[in-house]
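Topology and contacts: notes
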Amino acid sequence: MWDHEIRAMASTHAIIAASVFMATVLPAVLVPGFSVYRAHLLWIYSVSGAVTVVSVAVFWLLGITPPTKKHTVGYKLSRLFRSCLYFFLSCLFFHTVVVLYGAPLIEFALETFSLAVLLTSLTTLRCLCVLGPNVQAWIRVFSRHGAMSVWDTCLQITVAFTLVGALVGAFPIPLDWDRPWQVWPVSCSLGAMIGFLTGLVAAPAWIHYHRKQLTYKCK
């Protein structure tokens, strides 16, 4: 029933995954001595920027982004401003949550905020692309049986995989292994990215497998 949407979703996810790959490879080619471990913050912002630009462009071109009810320039600018504001507030939210979970408050503050930017780019940005700056719609989607489309279900899966990946990535940090990937926040950001990429694959696969059982309420 939703074969067209599933194909579009798989294509979109392939493009986003390719942008992550390019954002990892290009700095390694252009920046001498670059590695994900030694220049981790550069990698975080490179990947975050690539995912942000490509996601916004692809979702807009596919028409997934909800259309504006008004076509005035002022309304569109207001919508853009609210989207940027939500993005920034999400960074502050994730930063606060990570600190509450045990990250240093003052020491490594830049590293912690960089992780928050990455998490926002992988989760909140998708909410903005699919649902727009509508907090009520976000609450609806992440409530029980709140999905109203395959894209809502995809959003649930990818966000969950990303956050679980970041959480699992924190487990090795206290271990006395003295590995470079245990430096804060390398394992968390790598875990979030692995979870995100896994979610990009799992979402269309799960929806395709369960497409006959999926029913959505009318908007």
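Our structure is the block above this text.
First things first, this report covers the structure right here in the doc. (Residues numbered from 1 in each chain as written. Predicted model: local features only at pLDDT ≥ 70, side-chain atom pairs only at ≥ 80, totals over all residues. Heavy atoms only, no water.)

1. A word on the overall build of the chain
Note the threshold: Helix numbering and strand numbering both begin at the N terminus, where a helix is a DSSP run of H or I of at least 4 residues and a strand a DSSP run of E of at least 2. Here the globule rule is a power law, 2.2 Å times the number of residues to the power 0.38, and the radius of gyration is based on C-alpha atoms. For each residue, the accessible area found with a 1.4 Å probe, counting protein chains only, is set against the maximum for its type, and the residue is called buried under 20%, exposed over 50%, and partly exposed in between. Here, residues are in contact when the closest pair of their heavy atoms is within 4.5 Å. Reported accessibility uses the Shrake-Rupley method at a 1.4 Å probe radius. Residues are deemed covered only where the shown protein chains occlude them. In this tally Asp and Glu are treated as negative and Lys and Arg as positive; neither His nor the chain ends contributes. A charged residue contributes its charge at one atom only: NZ of Lys, CZ of Arg, CG of Asp or CD of Glu.
Scanning the chain for helices and strands turns up eight helices and zero strands. Scanning the chain from its N terminus toward the C terminus, one meets helices and strands in the order α-α-α-α-α-α-α-α. A compact globule built from 219 residues would reach a C-alpha radius of gyration of about 17 Å, and the chain, at 18 Å, matches this within 12%. Across its three principal axes, the chain shows a C-alpha extent of roughly 55 × 45 × 35 Å. Counting across all 219 residues of the chain, residues that qualify as buried make up 43%. The long-range share in the chain, meaning contacts at least 24 apart out of those at least 6 apart in sequence, stands at 71%. Counting only carbon and sulfur atoms, one obtains 71% of the accessible surface of the chain, whose full area is about 12,300 Å². Across the chain, the centroid of the 15 positively charged side chains sits 19 Å from that of the 7 negatively charged ones.

2. Focus on the pattern of salt bridges
Heads up, the condition is: The rule for a salt bridge is simple: a side-chain nitrogen of Lys or Arg has to be within 4 Å of a carboxyl oxygen of Asp or Glu.
Applying the stated criterion across every chain, the model contains one salt bridge. Asp152 is paired through a salt bridge with Arg140; the nearest N and O atoms lie 3.3 Å apart. Of this pair, Asp152 sits in helix H7 (residues 150–169) while Arg140 sits in helix H6 (residues 135–141), and the two are 12 residues apart along the sequence. When its relative accessible area of 2% is taken as the criterion, Asp152 is described as buried. With relative accessibility at 23%, the residue Arg140 sits in the partly exposed group.

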